[in-house]
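Fold and contact review
One letter stands for each residue in the lines below.
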Amino acid sequence: MTVLSVEDFKVLIVAQFAYFLLYYAFLTRQSMTRLSVKLQVRKEIKAAQEKDAKKGERVNLMDMSTLRNDTRIVNHPKVIAADRAALNMLEQMVPLEVAAWAYALFVDPLYAGYGVALYVATRAFYTMFYGNAKLLVAIVTLPNYLIIITMYVSVLLKAL
């Protein structure tokens, strides 16, 4: 039985740190994108209200909270792309984490770290490609899924 040290997990730990930095960057981008679009919609509404007020029509003032589910915001392409990036990263977090650590413990911690690092490197392009071309999104996501599947299959084969 091989005894592993913290040194054996160094690449994996750094890659995990990079993964979570990217995850929080996606969450920040999601919030900032939504806020930016919300402010733009609010500006458009305010301009329309001022125009109506000049005509003598009734003005309905809106605050930011009433815009939370406004379709001009939730269906905006930038908001959808930011939401998908954050949510897809969250959806794949548990499969990746379990696969990476199982692979590290039972197969090879160094290659588990390389796998997570490659995952992070390709995933970073997700927001740039989302909504532009399905092929580009596939080029980013398919390697991510293959990394996870490869790790699980390797652990399974090691167990058999």
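The rules we used
- Residues numbered from 1 in each chain as written.
- Predicted model: local features only at pLDDT ≥ 70, side-chain atom pairs only at ≥ 80, totals over all residues.
- Heavy atoms only, no water.
- Helix = DSSP H or I, 4+ residues; strand = E, 2+ residues; numbered from the N terminus.
- Rg over C-alpha atoms; globule rule 2.2 N^0.38 Å.
- Buried < 20%, exposed > 50% of the residue type's maximum accessible area, 1.4 Å probe, protein only.
- Contact = heavy atoms within 4.5 Å.
- pLDDT = per-residue confidence, 0-100.

1. Re the overall build of the protein chain
Broken down by element type, the protein chain carries six helices and zero strands. Overall, the protein chain shows an N-to-C arrangement of helices and strands of α-α-α-α-α-α. Computed over the C-alpha atoms, the radius of gyration of the protein chain is 22 Å, more than 25% above the 15 Å expected from 2.2 N^0.38 for a compact globule of 160 residues. Over its C-alpha atoms, taken along the principal directions, the protein chain stretches across nearly 85 × 30 × 20 Å. When the 160 residues of the protein chain are sorted by exposure, 34% land in the buried category.

2. Some words on the environment of Ala 18
Mapped onto the elements, Ala 18 comes out in helix α1 (residues 10–54). Overall, the relative accessible area of 29% leaves Ala 18 in the partly exposed class. The spacing of Ala 18 and Val 120 is 102 residues in sequence and 7.0 Å in space, taken between C-alpha atoms.

3. Observations concerning the environment of Thr 122
Following the sequence through the fold, Thr 122 ends up in helix α4 (residues 109–123). Take Thr 122: its relative accessible area is 17%, and that puts it in the buried class. A sequence separation of 53 residues divides Thr 122 from Asn 69, and the C-alpha atoms of the two residues are 31 Å apart. In contact with Thr 122, not counting residues within four places along its chain, are Val 140 and Asn 144.

4. Describing the confidence of the model for the protein chain
Confidence along the protein chain averages 88 in pLDDT terms, with 92% of residues attaining 70 or more. Within the protein chain, α4 carries the highest mean pLDDT (96), whereas helix α5 (residues 126–129) carries the lowest (81).

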